[in-house]
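So the chains spell out like this:
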Amino acid sequence: MADFDVIVVGAGCAGSAAACVLAREGKGVLLVERGTDAGSKNMTGGRIYTHALRDVIPDFEDDAPLERRITCERISLMTEDAATTVEYASPALGAPENASYAVLRGPFDSWLASKAEQAGAECVFGITVDGLVKDGARIAGIRANGDEITADITILADGANSLLVEEAGLGKRPLPHQMAVSAKETIALPPETIDDRFRAAPGEGTAWLFAGSPTGGHVGGGFLYTNRDSVSIGLVATLSDLCTSTVALPDLLERFKQHPAVEPVLRGGKLVEYSGHMVPEGGLAMVPELTGDGCLVAGDAAMLCVNLGYQVRGMDYALASGRMAAEAALEALEAGDTSAAGLQGYRSRLEQSFVLQDMRAYRDFPAFMEKTTRIFDTYPAMASDMMQSLFKVDGAPVRPLRKKMMEPLRRVGLMTVLGDVRKGMKAL
């Protein structure tokens, strides 16, 4: 007889969601996390779309450590000294059915794991899983600290570039162009200062994404999220492209923070956290096999992440996949069939949900971004030239607006621009 019904590896969004759902149903659940606490490896912030959180914890508003509700979206194309920014602000962005919040992953992950523990899961932190226990081709548990702990089902939610997924034979190690590395900081600022600098009502905030000079023209971008009394800021750059950079990512982040569009909103702030993180960027092409005999894969370990340049999704996919993995595990345990075939309900749930439908809809976008490097150098410069010609007044006779706009376009090549737009729209 197995030690547990289910072992969940990783106490991030996917793992804690799965453990919470399973424990609520009275199953014997072990949640194992190598960090000293849930969230200790995810110090700085990000953004969560709460539709998926509501499906796991319907009353999350009561005590979830959420930061500011996002009611303003900004996107900037940046050169070294200029930013062309599109902004959309509306209370509709914070409506309950589509609300999103800035979060600090440390307190949020700790809170989510505590919900699993309250439901009855046994949570163990500071334990590194060294490998998997196998019974023939079947995954039968984990090896940790010299011990073997067995389970009818093991859910792998141990993050991007999971060695356990590779050991289980469900996926291969990702290629450098499929992964990105992120450097993130949290800058403390008084709440009223954040309100003033971002023109935000108390409790409301901004999500701001950047492309161009922040990554030195390399594939990737910058991000900024407003928290209650801090700002999360960082860069993400594709690993293969970053290898050709003459400037290290931490140095790029320092340059980014000094940009004329960014420095004023950070001025006077105090650095309180710094972290690095690996992010899956390859889209559907890098999603591994999601089920094996006695095994399921969820969250970043399943490479469920989408970066569209104007929107970054990952936490809601992790929460949803964790919940669906738990539901499929419950069905398999009830039926007494924990083989890959018995766990196929997980794949079916993902296919019928927004998770794999989104991944499939955007499957061509990572390749488009990788091949269209003009997004990260040429087009920010073109946008800056257009805006400068539009707003600059130097006493020279006025020129027709059409000529002002067409000159930067012609320098890039009108057909080149139209071709890139067409390919981008097709990929989306």
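S.K.: I'd like a rundown of the packing of aromatic side chains, residues and numbers included.
M.R.: Tallied over the full model, the rule gives six aromatic pairs. Seen from their ring centres, W208 and F210 are 4.7 Å apart, and the 35 degrees between their planes marks the pair as tilted. A single burial state applies to W208 and to F210, both of which are buried. Ring geometry for F365 against F368: centres 5.7 Å apart, planes inclined by 40 degrees, an arrangement best described as tilted. Highlighted residues: F365 and F368, both in helix α12 (residues 365-371), separated by three residues, approximately one helical turn. By relative accessible area, which is 5% here, F365 ends up buried. Within the aromatic cluster, the residues linked to one another by ring pairs are W208, F210 and F256. Across the ring face of Y49, the terminal group of R313 is positioned such that the distance to the ring centre comes to 5.5 Å.

S.K.: If you had to explain the environment of Y225 to someone new, which residues and values would you point to?
M.R.: Among the secondary structure elements, Y225 is positioned in strand β13 (residues 220-226). Judged by its relative accessible area of 7%, Y225 falls in the buried class.

S.K.: Provide a residue-level description of the packing of helix α14 (residues 401-412) against helix α15 (residues 414-427), including the pertinent values.
M.R.: Following both chains from N to C, one finds α14 and α15 inclined at 85 degrees, their axes separated by 6 Å at the closest point. Comparing the axis directions of α14 and α15 gives the class roughly perpendicular. Note on element contacts: α15 touches α14 through L414, T416 and V417, opposite M406, L409 and V412. Of the residues that constitute the contact of α14 with α15, the class distribution is five nonpolar, one polar and no charged.

S.K.: Give me the lowdown on the nonpolar core, citing residues and values where you can.
M.R.: Among the nonpolar cores identified, the biggest contains 100 residues, and I48, F108, I153, I155 and Y346 are the most heavily contacted of them. Per-element accounting of this core gives the leading share, 13 residues, to helix α9 (residues 315-335). Sequence-distant contacts of Y346, defined by excluding residues within four places in its chain, comprise L290, T291, L296, V297, A298, S321, M324, A325 and A328. Formed by 23 residues, the second largest nonpolar core is a distinct cluster that contains L189, L235, A237 and V247.

S.K.: Give me the lowdown on helix α3 (residues 105-119), citing residues and values where you can.
M.R.: The first and last C-alpha atoms of α3 sit 21 Å apart over 15 residues, in line with the 21 Å expected at 1.5 Å per residue. All of the buried residues along α3 are R105, G106, F108, D109, W111, L112, A113, K115 and A116. G120 lies just past α3 and shows a positive phi near 120 degrees.

S.K.: Account for a positive patch on the surface, naming residues and giving values.
M.R.: On the surface, K371, R422, K423 and K426 cluster together into a patch of positive charge. Broken down by element, the positive patch gets its largest block of residues, three residues, from α15.

S.K.: Mind laying out a nonpolar patch on the surface, listing which residues take part and the relevant values?
M.R.: Together, I75, V86, Y310 and L428 give the surface a local cluster of nonpolar side chains, amounting to about 340 Å² of exposed area. In this structure, L428 sits in the segment after α15. A residue is classified by how much of its surface remains accessible, and L428, at 39% relative accessible area, is partly exposed.

S.K.: Just give me the short version of the pattern of salt bridges, but keep the residues and values in it.
M.R.: Scanning the model with the defined rule gives 24 salt bridges in all. A salt bridge links E73 to R47, with the nearest nitrogen and oxygen atoms 2.5 Å apart. Within this pair, whereas E73 is found in strand β4 (residues 66-78), its partner R47 is found in strand β3 (residues 45-49), the two being separated by 26 residues in sequence. No difference in accessibility class separates E73 from R47, as the two residues are buried. Across the salt bridge formed by D63 and K115, the nearest N and O atoms sit 3.0 Å from each other.

Parameters and conventions
Residues numbered from 1 in each chain as written. Predicted model: local features only at pLDDT ≥ 70, side-chain atom pairs only at ≥ 80, totals over all residues. Heavy atoms only, no water. Phe/Tyr/Trp six-rings, centres within 6.5 Å; stacked < 30°, edge-to-face > 60°. Buried < 20%, exposed > 50% of the residue type's maximum accessible area, 1.4 Å probe, protein only. Helix = DSSP H or I, 4+ residues; strand = E, 2+ residues; numbered from the N terminus. Lys NZ or Arg CZ within 6 Å of the ring centre and 35° of its normal. Axes fitted to C-alpha atoms, helices over the stretch in contact; angles between N-to-C directions. Parallel < 35°, antiparallel > 145°, perpendicular 65-115°, else oblique. Contact = heavy atoms within 4.5 Å. Nonpolar A, V, L, I, M, F, W, Y, C, P; charged D, E, K, R; others polar. Core = buried A, V, L, I, M, F, W, Y, C linked by side-chain atoms within 4.5 Å. Expected span 1.5 Å × (residues − 1). Patch = residues over 30% accessible without salt bridge, like charges linked within 9 Å, V, L, I, M, F, W, Y side chains within 5 Å. Areas by Shrake-Rupley, 256 points an atom, 1.4 Å probe, with all protein chains shown as cover. Salt bridge = Lys/Arg side-chain N within 4 Å of Asp/Glu carboxyl O. Lys, Arg positive; Asp, Glu negative; His and termini not counted. Charge placed at Lys NZ, Arg CZ, Asp CG, Glu CD.

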